[in-house]
Amino acid sequence: MMATLSRLFPWRGALVNVRADTLIGWHRQGFKLFWRLKSRPAGRLRIPKPPRELIREMAAENPRWGEERIANELKLKLGIRVSPRTVATYLRVSGPVRTLDPKQRW
């Protein structure tokens, strides 16, 4: 098959002389591209920044609300569908910005 294809395609004109450094450079670039594409994070994309800020703001203003309540408030009043687990993730990532009440001490 290769012999037949070599008669159909003038392969001698397609050969290119390159230095070994050039070939190694191409190999390294291909290797970097392969691993960059392969190591992309899997899963869903992050939600936009304004809802994330709103989640943090709601948690700070309402310290008794949990993740489920914040998710339900976003859905009912604003129409933003976010799962309670997503709310918990963004509260955990940024850390709760809740102010502690100095009266409540153990």
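Located above this text is the structure these notes cover.
So, a few notes on the structure that sits alongside this text. Just so we're clear, the structure is a prediction, and the values are computed from it rather than from any experiment.

1. Describing a positive patch on the surface
Phase 1 of the analysis: Residues Arg-28, Lys-32, Arg-36 and Arg-40 make up a contiguous surface patch of positive charge.
Phase 2 of the analysis: Relative to the helices and strands, Lys-32 resides in helix H2 (residues 20-38).

2. With respect to the nonpolar core
Phase 1 of the analysis: Counting residues in hydrophobic clusters, the biggest one holds 12 residues: Ile-47, Ile-55, Met-58, Ala-59, Trp-65, Ile-70, Ala-71, Leu-74, Val-82, Val-87, Tyr-90 and Leu-91.
Phase 2 of the analysis: Put simply, the parts of the chain that give this core at least two residues each are helix H3 (49-61), helix H4 (67-78) and helix H5 (84-94).
Phase 3 of the analysis: Those residues within four positions of Val-82 in sequence are excluded, and the remaining contacts are Ala-71 and Val-87.

3. With respect to the packing of aromatic side chains
Phase 1 of the analysis: Overall, the coordinates contain 2 aromatic pairs when judged by the stated rule.
Phase 2 of the analysis: Considering the side-chain rings of Phe-31 and Trp-35, the 6.3 Å spacing of their centres and the 65° angle between planes classify their relative orientation as edge-to-face. Linking Phe-31 with Trp-35, this pair stays in helix H2, spanning 4 residues, or about one helical turn.
Phase 3 of the analysis: A relative accessible area of 40% means that Trp-35 is categorised as partly exposed.
Phase 4 of the analysis: Between Phe-34 and Trp-35 the ring centres are 5.1 Å apart and the planes differ by 80°, which places this aromatic pair in the edge-to-face class.
Phase 5 of the analysis: Taken together, Phe-31, Phe-34 and Trp-35 form an aromatic cluster joined through their ring pairs.

4. Some words on H4
Phase 1 of the analysis: Helix length check: H4, at 12 residues, gives a terminal C-alpha distance of 16 Å against a target of 16 Å (1.5 Å per residue), a fit within 8%.
Phase 2 of the analysis: Restricting attention to buried positions, one finds in H4 the residues Ile-70, Ala-71, Glu-73 and Leu-74. The buried residues of H4 occupy an angular sector of 160° when the element is viewed end-on, so they sit on one face. Residues of H4 that are exposed and point more than 90 degrees away from the buried face comprise Glu-68 and Leu-76.

Conventions we followed
Residues numbered from 1 in each chain as written. Predicted model: local features only at pLDDT ≥ 70, side-chain atom pairs only at ≥ 80, totals over all residues. Heavy atoms only, no water. Patch = residues over 30% accessible without salt bridge, like charges linked within 9 Å, V, L, I, M, F, W, Y side chains within 5 Å. Areas by Shrake-Rupley, 256 points an atom, 1.4 Å probe, with all protein chains shown as cover. Salt bridge = Lys/Arg side-chain N within 4 Å of Asp/Glu carboxyl O. Lys, Arg positive; Asp, Glu negative; His and termini not counted. Charge placed at Lys NZ, Arg CZ, Asp CG, Glu CD. Helix = DSSP H or I, 4+ residues; strand = E, 2+ residues; numbered from the N terminus. Core = buried A, V, L, I, M, F, W, Y, C linked by side-chain atoms within 4.5 Å. Buried < 20%, exposed > 50% of the residue type's maximum accessible area, 1.4 Å probe, protein only. Contact = heavy atoms within 4.5 Å. Phe/Tyr/Trp six-rings, centres within 6.5 Å; stacked < 30°, edge-to-face > 60°. Expected span 1.5 Å × (residues − 1). Arc of directions from axis to C-beta.

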